[in-house]
Amino acid sequence: MPQIVFLPNAEHCPEGAVIEAQPGETIIKAALRNGIEIEHACEMSCACTTCHVIVREGFSSMEPSDELEDDMLDKAWGLEPDSRLSCQAVVGDKDLVVEIPKYTINQVSEGH
């Protein structure tokens, strides 16, 4: 099973985390299943950017983003070439190293 290494993030995982992921599940579902509460204001429907992550290693092992995800990512805070919406980024067969950005563009944090 592939692993996802989450780099330390003061709000979501201060110490960082290493979790097991199921091939074919999204990054956010693996994170939530392991107690890493990534924001997801649109309930994982690719309608916002609150679950934006940066895939520091293993980016090429995932299926490429589609046009809808790319359009949403254009609105994300701190966009980088290896940015993905974690609700759309499906884990493949390789390990990933993921950074959760410090900020999101979200008017209200609902504390999912």
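What you are looking at is a predicted structure, and each value in this text was computed from that prediction instead of being measured.

**Examining the pattern of salt bridges**
Next, step 1: The full count for this structure, using the stated rule, is four salt bridges.
Next, step 2: Across the pair Glu 99 and Arg 56 runs a salt bridge, and its minimum N-O distance is 2.7 Å. Of the two residues, Glu 99 sits in strand β5 (residues 96-99) while Arg 56 sits in strand β3 (residues 52-57), which places them 43 residues apart along the sequence.
Next, step 3: Between Arg 84 and Glu 69 there is a salt bridge, with its nearest N and O atoms 2.8 Å apart.

**Overview of the nonpolar core**
Next, step 1: Within the largest apolar cluster, 25 residues are counted, with the highest numbers of intra-cluster contacts made by Ile 4, Phe 6, Ile 27, Ile 38 and Leu 96.
Next, step 2: Apart from residues no more than four positions distant in its own chain, Phe 6 is found in contact with Cys 13, Gly 16, Ala 17, Ile 19, Ile 27, Ala 31, Ile 36, Ile 38, Val 98 and Ile 100.

**Notes on the sheet that holds strand β1 (residues 3-6)**
Next, step 1: Read from one edge to the other, the open sheet built from five strands follows the order β2-β1-β5-β3-β4, with strand pairing classed as mixed. One side of each edge strand has no neighbouring strand; the edge strands of this open sheet are β2 (17-20) and β4 (83-85). Strand-to-strand twist across the sheet, computed as the mean angle between neighbouring axes with direction ignored, equals 35°.
Next, step 2: Sheet analysis places β1 next to β2, joined by four bridges and oriented antiparallel. By the bridge assignment, Phe 6 is partnered in β2 with Ala 17.

What counts and how
Residues numbered from 1 in each chain as written. Predicted model: local features only at pLDDT ≥ 70, side-chain atom pairs only at ≥ 80, totals over all residues. Heavy atoms only, no water. Salt bridge = Lys/Arg side-chain N within 4 Å of Asp/Glu carboxyl O. Helix = DSSP H or I, 4+ residues; strand = E, 2+ residues; numbered from the N terminus. Core = buried A, V, L, I, M, F, W, Y, C linked by side-chain atoms within 4.5 Å. Buried < 20%, exposed > 50% of the residue type's maximum accessible area, 1.4 Å probe, protein only. Contact = heavy atoms within 4.5 Å. Pairing = 2+ DSSP bridges. Axes fitted to C-alpha atoms, helices over the stretch in contact; angles between N-to-C directions.

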